[in-house]
Amino acid sequence: QLNATFYAGTCPNVSSIVRGVIQNALQSDPRIAASLIRLHFHDCFVDGCDGSLLLDNSSSIVTEKDAPPNVNSTRGFDVVDNIKTALESACPGVVSCADILAIAAEASVSLSGGPTWTVLPGRRDSTTANRAGASSALPGAFEGLTNITAKFAAVGLDITDVVALSGAHTFGRAQCRTFINRLYNFNGTGNPDPSVNTTFLASLQQTCPQSGDPTTLTNLDLTRPDTFDSNYFTNLQSNTGLLQSDQELFSTSGSATIAIVNSFASSQTTFFQSFGASMINMGNISPLTGTSGEIRTDCKKVNGS
Ligand code: HEM
Ligand SMILES: [Ca+2]
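Keep in mind it's a predicted model, so treat the numbers as computed, not measured. (Residues numbered from 1 in each chain as written. Chains lettered and ligands numbered in written order. Predicted model: local features only at pLDDT ≥ 70, side-chain atom pairs only at ≥ 80, totals over all residues. Heavy atoms only, no water.)

(A) Structural detail: the packing of helix H2 (residues 32–44) against helix H3 (residues 77–90). Between H2 and H3, whose axes approach to 10 Å, the crossing angle comes to 80 degrees. Classified by the interaxial angle, the pair formed by H2 and H3 is roughly perpendicular. Each of Ile32, Leu36 and Leu39 in H2 lies in contact with H3, whose residues at this interface are Phe77, Val79 and Val80. Of the residues in the contact of H2 with H3, the class split is six nonpolar, no polar and no charged. (Axes fitted to C-alpha atoms, helices over the stretch in contact; angles between N-to-C directions. Helix = DSSP H or I, 4+ residues; strand = E, 2+ residues; numbered from the N terminus. Parallel < 35°, antiparallel > 145°, perpendicular 65-115°, else oblique. Contact = heavy atoms within 4.5 Å. Nonpolar A, V, L, I, M, F, W, Y, C, P; charged D, E, K, R; others polar.)

As structure tokens, this is what we get:
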């Protein structure tokens, strides 16, 4: 039931309103586009794309925001609220918070130099959150390609989706705690991860000293950190992927992901096309449609609570 023209009659300017708020936010926060697309991902993998991630703690809600993959990590909720406020004033009670995340993801990528794709809206918002689901369903950087692939398969996404969507790490930041395992004592070997380029390793060790601040940020893409491009894949070819889960796509011998990395590295057009298709696949994960769920008035709260 998701449909490109879902808001054509009820909120025809929804895309330009969302885009305008993000454009404005980008003026003071060049990272916000990356942070917003990540919210759509962390929403969709937990009970589908239903806005569950956005709910705060309350008497009936145990927030997903405090699950390990999200706590002190996901950000941009204030901008989602600004988008919701702008939409409530233009078309009250019409656009769901789940759709805001899907539309914001596309706007964030296209405003950062990446592809455009046709977002299919029509999602409605959950009245529940799933903390345990957020703790278990989202992939972690140390998990290994086999487990990560299994978590994507659990929501109907295949190996091409894994590689294409990982390309979102072409922008945004990561904290030292998410990759320091690779820098000094990888898997108990007493040595760094052998798949880290040695010059890159030295620079990461400077950024993240062994007893330094685990929350220090660095760019996921060392080449053009705020631009959406295919450099993520050429980085993997030169062993400068930041997270273990990034570099494994290219450095796991015999893996089917290697050929996909090589094809995206050699053609940005191929990557862009594939990325748009995979974002649509991700956006289709078990939405609430029809009369299921509700259209929240405030993305942080279930209506009437
Ligand atoms: C394949 C499995 C994935 C793993 C293991 C993973 C893991 C991570 C980790 C550990 C961070 C850094 C978080 C922090 O330091 O606070 C991060 C950041 C990010 N992730 Fe992923 N991720 C994955 C897939 C995805 C997907 C599918 C998307 C979107 C389509 C995505 C978009 C992002 C973005 C844009 C950032 C930077 C956010 C910011 O700067 O605020 N990731 N990811
Ligand atoms: Ca969800």
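(B) Structural detail: the coordination of the calcium ion (ligand 2). For the calcium ion (ligand 2), every protein donor is listed as Asp43 (O), Asp43 (OD), Val46 (O), Gly48 (O), Asp50 (OD) and Ser52 (OG), and the spread of their distances is 2.3 to 2.5 Å. The site at the calcium ion (ligand 2) holds six donor atoms, and with the angles between them running 75 to 157 degrees, its shape is irregular. When the donors of the calcium ion (ligand 2) are listed by position in the chain, the intervening gaps give D-x2-V-x1-G-x1-D-x1-S. The residues Gly48 and Ser52 share a single accessibility class, namely buried. (Donors = N, O, S within 2.8 Å, 3.2 Å for Na, K, Ca; no water. Tetrahedral: all angles 85-135°; square planar, octahedral: opposite > 155°, others 65-115°. Buried < 20%, exposed > 50% of the residue type's maximum accessible area, 1.4 Å probe, protein only.)

(C) Spotlight on the packing of aromatic side chains. Summed over all chains, the structure comprises 15 aromatic pairs. Centre to centre, the rings of Trp117 and Phe275 are 5.8 Å apart; their planes meet at 75 degrees, and the pair counts as edge-to-face. Residue Trp117 is found in the loop between helix H4 (97–111) and helix H5 (131–137), and its partner Phe275 is found in helix H12 (residues 268–283); the two are separated by 158 residues along the sequence. In this pair, the class of Trp117 matches that of Phe275, namely buried. Centroid distance Phe228 to Phe271: 5.7 Å. Interplanar angle 5 degrees. Geometry classified as stacked. In this pair, Phe228 sits in the loop between strand E2 (217–219) and helix H9 (231–237) while Phe271 sits in helix H12, placing the two residues 43 residues apart along the sequence. Its relative accessible area of 1% is what places Phe228 among the buried residues. For Phe271, a relative accessible area of 0% translates into the label buried. In this structure an aromatic cluster arises from ring pairing among Trp117, Phe171, Phe228, Tyr232, Phe233, Phe264, Phe271, Phe272 and Phe275. Between the NZ or CZ atom of Lys65 and the centre of the ring of Phe77, over which it lies, the distance is 4.3 Å. (Phe/Tyr/Trp six-rings, centres within 6.5 Å; stacked < 30°, edge-to-face > 60°. Lys NZ or Arg CZ within 6 Å of the ring centre and 35° of its normal.)

(D) Expanded view of the state of the cysteines. Here the structure, examined in full by the defined rule, presents four disulfides. Each sulfur of the disulfide joining Cys11 and Cys91 lies 1.8 Å from the other. Disulfide Cys11-Cys91: the torsion about the S-S bond is 50 degrees, which places it as right-handed. With Cys11 in the segment before helix H1 (14–28) and Cys91 in the loop between H3 and H4, the pair connects residues that are 80 residues apart, well separated along the chain. Across this residue pair, the class does not change: Cys11 and Cys91 are buried. In this model, Cys176 is linked to Cys208 through a disulfide, with the two sulfur atoms separated by 2.1 Å. Between Cys176 and Cys208, the S-S torsion sits near -75 degrees, and that sign places the bridge as left-handed. With Cys176 in the loop between strand E1 (173–175) and helix H8 (198–207) and Cys208 in the loop between H8 and E2, this pair connects stretches of sequence that are 32 residues apart. (Disulfide = S-S within 2.5 Å.)

Just geometry here; none of it tells us what the structure is for.
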